[in-house]
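Secondary and tertiary structure notes
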Amino acid sequence: MRRGRFTENQIIAVLREHEASVKTAELCRKHCISDATFYNGKARYGGMTVSEAARLRTLEDENRRLKNLLAESMLDVSALKDLLGKY
């Protein structure tokens, strides 16, 4: 997955500026981002603090790891079923 140019902390700081009633177009120009980038960040991190964003990232990493473990175990089970089915 491609890593963005901006960190979570930077995105949240831009969103805080927007909450302080700075116009979107002005913020985008100041931070050299597009409107789409701003609204994607707002959709993902809107209303979060830095610590909540860090917690979200750790939970996503853990979820990804658990999904990989489940997929591997399901492959093992299907391979064992195939072996037992042949006898």
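Details of the structure are given in the entry above.
Attention in this report is confined to the structure presented alongside it. Sequence order as written defines the numbering, with residues in each chain counted from 1. For a predicted model such as this one, the threshold for reporting local features is a pLDDT of at least 70, and the threshold for listing and counting side-chain atom pairs is 80 or more; totals across whole chains, interfaces and linings nevertheless cover every residue. Calculated side-chain values reflect all of the structure's heavy atoms, with hydrogen atoms and water omitted.

Another point: the nonpolar core. To form a nonpolar core, buried Ala, Val, Leu, Ile, Met, Phe, Trp, Tyr and Cys residues must be joined to one another through side-chain atoms within 4.5 Å. Only protein chains enter the accessibility calculation, which uses a 1.4 Å probe. A residue is then buried if its area is under 20% of the maximum for its type, exposed if over 50%, and partly exposed in between. Ile12, Val14, Leu15, Leu27, Cys28, Ile33, Phe38, Tyr45, Met48 and Ala53 form the largest nonpolar core, which has 10 residues in total. Here a strand is any run of E in DSSP of at least two residues, a helix any run of H or I of at least four, and the numbering for each starts at the N terminus. Of all the secondary-structure elements, those providing two or more residues to this core are α1 (8-19), α2 (24-31) and α3 (35-45). Residue contributions to this core peak at 3 residues, all from α1. When residues no more than four places from it in sequence are discounted, the contact partners of valine 14 are Leu27, His31, Ile33 and Phe38. By definition in these notes, contact holds between two residues if any of their heavy atoms fall within 4.5 Å.

Here the focus is the side chain of threonine 24. Mapping threonine 24 onto the fold places it in helix α2. Polar contacts involving the side chain of threonine 24 include one to the side chain of histidine 18, which spans 3.0 Å. Beyond its immediate chain neighbours, meaning those up to four positions away, threonine 24 contacts His18, Asp35, Phe38 and Tyr39. Two N or O atoms count as a polar contact when they lie within 3.5 Å, although within protein this holds only if one can serve as hydrogen donor and the other as acceptor, and sequence-adjacent residues are included solely when both atoms are side-chain atoms.

Below, the discussion takes up the packing of α2 against α3. Packed helices, taken two at a time, are described by the angle their axes make and the gap between the axes. Between α2 and α3, whose axes approach to 9 Å, the crossing angle comes to 105°. Relative to α3, α2 is oriented roughly perpendicular. Counting all contacts with α2, which are made through Thr24, Leu27 and Cys28, the residues of α3 involved are Asp35, Phe38 and Tyr39. Polar here means any residue other than Ala, Val, Leu, Ile, Met, Phe, Trp, Tyr, Cys and Pro, which are nonpolar, and Asp, Glu, Lys and Arg, which are charged; Gly is therefore polar. Here the contact of α2 with α3 is composed, by residue class, of 4 nonpolar, 1 polar and 1 charged. Lines fitted to C-alpha atoms define the axes, with helix axes restricted to the stretch in contact, and inter-axis angles between N-to-C directions lie between 0 and 180 degrees. Geometric relationships in this document are graded by angle, where less than 35 degrees denotes roughly parallel, more than 145 denotes roughly antiparallel, 65 to 115 denotes roughly perpendicular, and other angles denote oblique.

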